[in-house]
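For reference, the chains in residue letters:
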2 protein chains.
Amino acid sequence: MSRILLAGHGNVGKAFHELLLEEAPRLAALLGEAPKVVGVLRRSGAWLDENGVGVGATLLSRRQSLSVVDALDKVRPDVFVELTTSNLQTGEPGASYIRAALERGIPVVTANKGPLLRHYESLTTLAKRKGVPLRFEGTVAGSIPTLNLHEFTLVGNPVTRFDGILNGTSNYILTRMAEEGLAFADALKEAQELGYAEADPTSDVGGHDAAAKLVILANHVLGVPLSFEDVQREGIERISAAAIRLAAKEGYAIRLIATADAATRQASVAPRLVPVDSSLNVRGSLNVVRFATAHAGSFTISGKGAGGRETATAVLSDVIHVLRGRTT
Amino acid sequence: MSRILLAGHGNVGKAFHELLLEEAPRLAALLGEAPKVVGVLRRSGAWLDENGVGVGATLLSRRQSLSVVDALDKVRPDVFVELTTSNLQTGEPGASYIRAALERGIPVVTANKGPLLRHYESLTTLAKRKGVPLRFEGTVAGSIPTLNLHEFTLVGNPVTRFDGILNGTSNYILTRMAEEGLAFADALKEAQELGYAEADPTSDVGGHDAAAKLVILANHVLGVPLSFEDVQREGIERISAAAIRLAAKEGYAIRLIATADAATRQASVAPRLVPVDSSLNVRGSLNVVRFATAHAGSFTISGKGAGGRETATAVLSDVIHVLRGRTT
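Cut-off values and rules
- Residues numbered from 1 in each chain as written.
- Chains lettered and ligands numbered in written order.
- Predicted model: local features only at pLDDT ≥ 70, side-chain atom pairs only at ≥ 80, totals over all residues.
- Helix = DSSP H or I, 4+ residues; strand = E, 2+ residues; numbered from the N terminus.
- Rg over C-alpha atoms; globule rule 2.2 N^0.38 Å.
- Buried ≥ 20, exposed ≤ 12 C-beta atoms within 10 Å, placed from the backbone.
- Contact = placed C-beta atoms within 7 Å.
- Pairing = 2+ DSSP bridges.
- Axes fitted to C-alpha atoms, helices over the stretch in contact; angles between N-to-C directions.
- Domains from an automatic or database assignment.
- Nonpolar A, V, L, I, M, F, W, Y, C, P; charged D, E, K, R; others polar.
- Least-squares fit on C-alpha atoms with pLDDT ≥ 70 in both.
- Parallel < 35°, antiparallel > 145°, perpendicular 65-115°, else oblique.
- Left-handed = near helix turned anticlockwise from the far one by under 90°.
- Core = buried A, V, L, I, M, F, W, Y, C linked by C-beta atoms within 7 Å.
- Expected span 1.5 Å × (residues − 1).

### What to know about the overall build of chain A
Next, step 1: Each helix and strand in chain A was counted, giving twelve helices and twelve strands.
Next, step 2: In summary, chain A has a C-alpha radius of gyration of 20 Å against a globular reference of 20 Å for 328 residues, a match within 12%.
Next, step 3: Its C-alpha atoms put chain A at 60 × 45 × 35 Å along the principal axes.
Next, step 4: Scored against the burial criterion, the 328 residues of chain A give a buried share of 56%.

Below you can see the structure in the form of structure tokens.
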């Protein structure tokens, strides 16, 4: 039986834990035996149980005081799933946790953007040097396969550039402004009331969140060692309902487009005019990525780019890849 | 060095052969050494060369009379790439070639729809029994990852149904009828002049080609043992320009939609009304598939669904999977 140590039990962590329990029969068929969460680490403590830690009530009892590093040493899991809160400035504490696991030869799956955004080169190099998988599909565009799409399905057809919508909150706001004629402030307020936007919406509407995903995607898919500071970034705060109306009249929508090019090494996140019938013009909180390839034109993939359960499916896919020995 | 035996040197076969030579540096980096085509089999004979068979001039000399089976025995390749002409009625001769290779323990990659359409169960069972990979991404939607998308990137999130446009020729015709007000016969003639449609267009406009891809997709992605005869099929021959105009007035496009559902086991190919702003409403000769999933709503992927070079990228991806030992 494969044993998982899970750090972080918030929105994505809990959803992953639940998904693993729900999917146990299918996972057993696929892997011989369903993997088990034998440890959950939260800021408030650690819960360890070789018979499997439950999602709900079990977590209320048997709390231990144990650091992540001590837990890694004690549990020696088959996979360390790192889903702690993301910090886009430092990548910590996730980066240190991931590093500790890799150094111990323990495979890592994460959906935490911060560590990959700030330490892409050093973390992937460490993983390679140790010969240990480090997978992070969940860091970009939630449930939509982007990193794995490239790694597993476009391996015969290199990606040369991409553009897309990588932040659902800002896309929701732009969609509501266009469809209801709302002002930016009103659409933002609505998004906050619906739980799509944080109390401090800067990261979403300012393009920081999209830029972080762009950096990870550019490093992984284009092989361009881009950093956050290399991305030209402009948010949607100054887009007016009037500008959206004017664009619509000419057959365009305004969308916050993230784009990077392997040849020019240019990358940006900025509001752009997109033809209304373009495959990039997805509505509401959807995400979309269009990959331009060397040999077969462009592909476009769209879907739900956020949400705990949605992101958990990406984490689970990566865990399965690790357990089946599919590593690159 | 990995050695490839290639059967069929038509549109896709030649494009694959060329792509392999062009991509040699990248393949060498990826695999240690770039694979070589050490044999090409055509109806007119066989060309074998352990130093690599060239695409052009080499094929004019050194022809041998050798059956496919004898060539498999003689060459014992690491991968047999089967790209002979597809026969949707019988699946032959491709099915026999594939079977001969699998029985000899030789991995197979194919873009030939006929064998998988007519012998899905027996061929995949034989491959499993022999423990030998059989991969066929190129049989469905050309360059767009569909089978591998499911296999490698949605493994944590089962697909429950799909719908999409799987035939570029009929979509081109419907697009031209809508955008230029052409009658079906005139749009078809234009498609034939541009090389998008065959002299006998029945398979494309009658929905046979789309139904064949649907069957392979349903078997592989939904695990539903559907046969060609199970698909309710209706073509686009009787769609009038007037009907398309009427639909457009109400905000719809008419598209030839292939759909299959794991729960109901129903499958059909038929003209449907699609909202103009739907992700399924792709234009021209593009293909699109929308996968509904258990845990994260729907994904849509679109791109170039046909063309020799486009399909060759799918074949190359599968060859790389085989050579890296990524099999299911």
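### Quick notes on the interface of chain A and chain B
Interfaces are frequently sized by the accessible area removed from exposure as the parts join.
Next, step 1: Counting residues at the interface gives 33 residues for chain A and 33 residues for chain B.
Next, step 2: If you list the elements that add at least two residues to the side of chain A that touches chain B, you get helix H6 (147-153), strand E12 (298-304) and helix H12 (308-323) of chain A.

### Focus on the environment of Gln64 of chain A
Residues and elements named next belong to chain A.
Next, step 1: Along the chain, Gln64 falls in the loop between strand E3 (45-48) and helix H3 (68-75).
Next, step 2: Judged by C-beta crowding, with 13 C-beta atoms within 10 Å, Gln64 ranks as partly exposed.
Next, step 3: A sequence separation of 115 residues divides Gln64 from Glu179, and the C-alpha atoms of the two residues are 52 Å apart.
Next, step 4: When neighbours within four sequence positions are excluded, Gln64 is seen to be in contact with Gly45, Ala46 and Leu48.

### So, the sheet that holds strand E12 (residues 298-304) of chain B
Next, step 1: Reading across from one edge, E8(A)-E10(A)-E9(A)-E7(A)-E11(A)-E12(A)-E12(B)-E11(B)-E7(B)-E9(B)-E10(B)-E8(B) is the order of the twelve strands in this open sheet, with mixed pairing throughout. The outermost strands of the open sheet, each flanked by one partner alone, are strand E8 (232-233) of chain A together with strand E8 (232-233) of chain B.
Next, step 2: Judged from the four bridges that link them, strand E7 (residues 159-165) of chain B and strand E9 (residues 252-261) of chain B form a sheet pairing that is antiparallel. The residue of E9 of chain B that forms the bridge with Phe162 of chain B is Ala260 of chain B.
Next, step 3: Packed onto the sheet, helix H10 (residues 208-222) of chain A meets strand E7 (159-165), E8, strand E9 (252-261) and strand E10 (267-275) of chain A and runs at close to 45 degrees relative to E9 of chain A.
Next, step 4: Along the sheet face, helix H7 (residues 168-180) of chain B touches E7, E9 and strand E11 (286-293) of chain B and points at about 155 degrees away from the line of E9 of chain B.

### Thoughts on the domain arrangement of chain A
Residue and element names in this part refer to chain A.
Next, step 1: The domain architecture assigned to chain A consists of domain 1 (3-143 + 309-323) and domain 2 (152-305).
Next, step 2: Measuring from the centre of the C-alpha atoms in domain 1 to the corresponding centre in domain 2 gives 28 Å.
Next, step 3: In terms of residues, the side of domain 1 that touches domain 2 owes the most to one element, helix H5 (residues 113-130), which gives five residues.
Next, step 4: When its residues are assigned to classes, the side of domain 1 that touches domain 2 shows six nonpolar, three polar and three charged.

### So, the relation of the copies chain A and chain B
Next, step 1: Superposition of chain A onto chain B requires a rotation of 180 degrees combined with a translation of 0.0 Å along the rotation axis, giving an RMSD of 0.0 Å. Both copies are brought into coincidence by an operation consistent with a two-fold rotation axis. Closest to the rotation axis within chain A is the C-alpha of Ile301 of chain A, separated from it by 2.2 Å.
Next, step 2: Comparing interface residues between copies, 100% of those in chain A also lie at the interface in chain B; the contact surface is shared.

### Observations regarding helix H4 (residues 94-103) of chain A
Residues and elements named next belong to chain A.
Next, step 1: Along H4, seven of the ten residues are buried, which leaves the element largely enclosed by surrounding structure.
Next, step 2: Listed in full, the buried residues belonging to H4 are Gly94, Ala95, Tyr97, Ile98, Ala100, Ala101 and Leu102.
Next, step 3: Immediately beyond the C-terminal end of H4, within one or two residues, lies Gly105, with a positive phi of roughly 75 degrees.

### What to know about the packing of helix H1 (residues 11-22) of chain A against H12 of chain A
Residues and elements named next belong to chain A.
Next, step 1: Relative to each other, H1 and H12 sit at 60 degrees, their axes nearing to 8 Å. Overall, the two elements H1 and H12 adopt an arrangement that is oblique. Viewed along their axes, H1 and H12 form a crossing whose handedness is right-handed. Each of Asn11, Val12, Lys14, Ala15, Phe16, Leu19 and Leu20 in H1 lies in contact with H12, whose residues at this interface are Gly308, Arg309, Thr311, Ala312, Thr313, Val315 and Leu316.
Next, step 2: Residues of the contact of H1 with H12, tallied by class, amount to eight nonpolar, four polar and two charged.

### Here's the deal with the pairing of strand E1 (residues 3-7) of chain A
Residue and element names in this part refer to chain A.
Next, step 1: With four of five residues buried, E1 lies mostly within the body of the structure.
Next, step 2: Pairing of E1 with strand E4 (residues 79-82) involves four bridges; the strand directions are parallel. Looking at E4, one finds that Ala7 is bridged to Glu82.

### Things to note about unusual backbone geometry
Next, step 1: Between Glu92 of chain A and the following residue, Pro93 of chain A, the backbone shows a cis peptide bond with an omega angle of 5 degrees.
Next, step 2: For Pro93 of chain A, the position within the fold is in the loop between E4 and H4.
Next, step 3: Its identity as a non-glycine residue notwithstanding, Arg265 of chain A has a phi of 60 degrees, on the positive side.
Next, step 4: C-beta crowding within 10 Å serves as the criterion here: with 13 such atoms nearby, Arg265 of chain A is assigned to the partly exposed category.
Next, step 5: A positive phi angle, near 60 degrees, is found at Ala141 of chain B, a position not held by glycine.
Next, step 6: By secondary structure assignment, the location of Ala141 of chain B is in the loop between strand E6 (134-135) and helix H6 (147-153).

### Let's talk about the nonpolar core
Next, step 1: By size, the foremost hydrophobic cluster in this structure holds 206 residues, and its most contacted members are Leu214 of chain A together with Leu214 of chain B.
Next, step 2: Leave out the neighbours within four places in its chain, and Leu214 of chain A touches Leu166, Val231, Ala258, Ala260, Ala267 and Val269 of chain A.

### Considering the sheet that holds E6 of chain B
Residues and elements named next belong to chain B.
Next, step 1: As summarised here, the arrangement of the six strands in space is E3-E2-E1-E4-E5-E6, forming an open sheet in which the pairing is mixed. The outermost strands of the open sheet, each flanked by one partner alone, are strand E3 (45-48) and E6.
Next, step 2: Sheet analysis places strand E5 (residues 108-110) next to E6, joined by two bridges and oriented parallel. Each residue of the ladder has a partner; that of Val108, found in E6, is Leu134.
Next, step 3: Across the sheet, helix H3 (residues 68-75) touches strand E1 (3-7), strand E2 (36-42), E3 and strand E4 (79-82), and the angle it forms with E2 is around 160 degrees.
Next, step 4: Taken strand by strand, helix H4 (residues 94-103) contacts E1, E4, E5 and E6, and its axis lies near 160 degrees from that of E5.

### Things to note about H10 of chain A
For an α-helix, 3.6 residues make a turn, and residues three or four places apart therefore share a direction.
Next, step 1: Taking 1.5 Å of rise per residue, the 15 residues of H10 of chain A would be expected to cover 21 Å, and the 20 Å separating its terminal C-alpha atoms lies within 8% of that figure.
Next, step 2: Across the 15 residues of H10 of chain A, 14 count as buried, placing the element largely inside the fold.

### Observations concerning the pairing of E1 of chain B
Next, step 1: Sheet analysis places E1 of chain B next to E2 of chain B, joined by five bridges and oriented parallel. Residue Ala7 of chain B lies in a different strand from E2 of chain B, and its bridge partner there is Leu41 of chain B.

### Description of the packing of helix H5 (residues 113-130) of chain B against helix H10 (residues 208-222) of chain B
Residues and elements named next belong to chain B.
Next, step 1: Packing of H5 against H10 brings their axes to within 9 Å, and their N-to-C directions diverge by 55 degrees. Between H5 and H10, the crossing angle belongs to the class labelled oblique. Seen along the crossing, H5 lies across H10 with a hand that is left-handed. Here H5 contributes Lys113, Leu116, Leu117 and Tyr120 to the contact with H10, which in turn contributes Ala212, Lys213, Val215, Ile216 and Asn219.
Next, step 2: Split by residue class, the contact of H5 with H10 holds six nonpolar, one polar and two charged.

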